[in-house]
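Spelled out from the first residue to the last, the chains are:
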Amino acid sequence: MLLLDLRIYTPQSGFQNNLIVCKRFANASQTLRIPSRECFPLESTYNHGPFQAFPSHSTNTLKASSVVSLGGISYFVGSNAEWSVPQECDTAGTILPAVVFGLKGQQITKEALLQRFGEFAHQDDVFHQGFTEGSVLILRSDEQRAPIPTLPEALTDHLSLTSSRLLFVSSSCEGLPEGPYFLCERTLHRAWRLYPDTSSAFTLSVMPADTGDKYEFEPLNAGAYSGLHRVVAVPSRLYFEPSQDKPLNGLRVTVKDNYKLSGVVQTMGSRSFTKIYGPQTETADAVRALIDLGAVIVGKTKLGAYAGSEVPPEKCIDYFPPWNPRGDGYQGPSGSSSGAGSTVASYNWVDIGIGTDSEFRTAR
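Since we're looking at a predicted model, the values are computed, not measured.

With that out of the way, let us pick up the environment of E119. Relative to the elements of secondary structure, E119 occurs in helix 1 (residues 110-123). Within the structure, the side chain of E119 is placed 2.5 Å from the side chain of R116, a separation counted as a polar contact.

Note: strand 5 (residues 66-70) against strand 6 (residues 73-77), five bridges, orientation antiparallel. Residue pairing in the sheet places V67 in a bridge with F76 of strand 6. The hairpin formed by strand 5 and strand 6 contains two residues between the paired strands, and G71 there has a positive phi angle of roughly 60°.

So, about helix 4 (residues 285-292). For helix 4, every residue scored as buried is listed here: V287, L290 and I291. Buried residues of helix 4 fall within an arc of 100° about the axis and therefore sit on the same side. On the buried face of helix 4, the contacting elements are strand 15 (217-219), strand 17 (252-256), strand 18 (296-301) and strand 19 (352-354). G294 sits one or two positions beyond helix 4 and adopts a positive phi of about 105°.

Once that is clear, we can look at the side chain of R252. Along the polypeptide, R252 turns up in strand 17. Separated by 2.8 Å, the side chains of R252 and D125 make a polar contact. The residues contacting R252, other than those within four sequence positions of it, are D124, D125, V126, V234, P235, R237, V296, V298, W349, V350, D351 and I352.

Conventions and cut-offs
Residues numbered from 1 in each chain as written. Predicted model: local features only at pLDDT ≥ 70, side-chain atom pairs only at ≥ 80, totals over all residues. Heavy atoms only, no water. Helix = DSSP H or I, 4+ residues; strand = E, 2+ residues; numbered from the N terminus. Polar contact = N/O pair within 3.5 Å; in protein donor to acceptor, adjacent residues only side chain to side chain. Pairing = 2+ DSSP bridges. Buried < 20%, exposed > 50% of the residue type's maximum accessible area, 1.4 Å probe, protein only. Arc of directions from axis to C-beta. Contact = heavy atoms within 4.5 Å.

Now the structure itself:
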């Protein structure tokens, strides 16, 4: 169901009597025009006609994202599409798991398929066996006009047993990384695994903005994990390959919340600062340098107010400090870079935590 703003129009007085109604499978913004009669009372609007529909000039856009569960693991499916599949693979409104893979010159057999997926599972924490069952398996070939391979009987039996379909593509998906995806109707979307922030180390989780600017971000639009914890989204490691130009490619990085990220708030550990300054319009130079080297920024971490002398936990006022995972979990996390330290100590899915060093904030 979509909420629509239907405005009644008359030539004499323009738009009047706004009302909100629910209508299934309609455009996100629509107006109804009454060509040459007075505005009717709201309760009798649909008793008079005929009506002519025409599009509104509203600048509002509708962004759709989903949180799905696969094999007991939660994933975020964003609105950005990576690729479109042929018409015959349309999922008819449902969301299906998908895997993009290549065999690097090997023949397509059941053994080769399972070996490749085993390598994925060993390298990546986002991919798991659930992506290979009831899914669309996209075999990528780097050859131009590569011939469609003949499938061995053992492979066709395996695909039938797992209720999966195999799609063979050549150069049409050039540049599409291997790894797990979700197929929504005909569009392929990256899989972002949602991890719970059980140590309460993050002030907010971030995603790349869909503006095309790699230095711009937006808050993660996903709910709490099991209702208890903030969630952090991480992409598959299979999407990235380190290179000489990008030695940090795919490494998941958190930044202390005294660094600016364009598009999201900077709290500085202070509710007053957050309220006054709001979302930032630029990204700090140090963070831009990390992004240029391939780092994936997944969130901002807590700090003492203004990176100052608040000693957690008893002296932290505006935001409760992160937990220390050592010992029984009740030791103080210490220092204004406590969020950065807590993330790398608590989570094996975070690679690097960026802090700042004033009065030995990162040395303790």
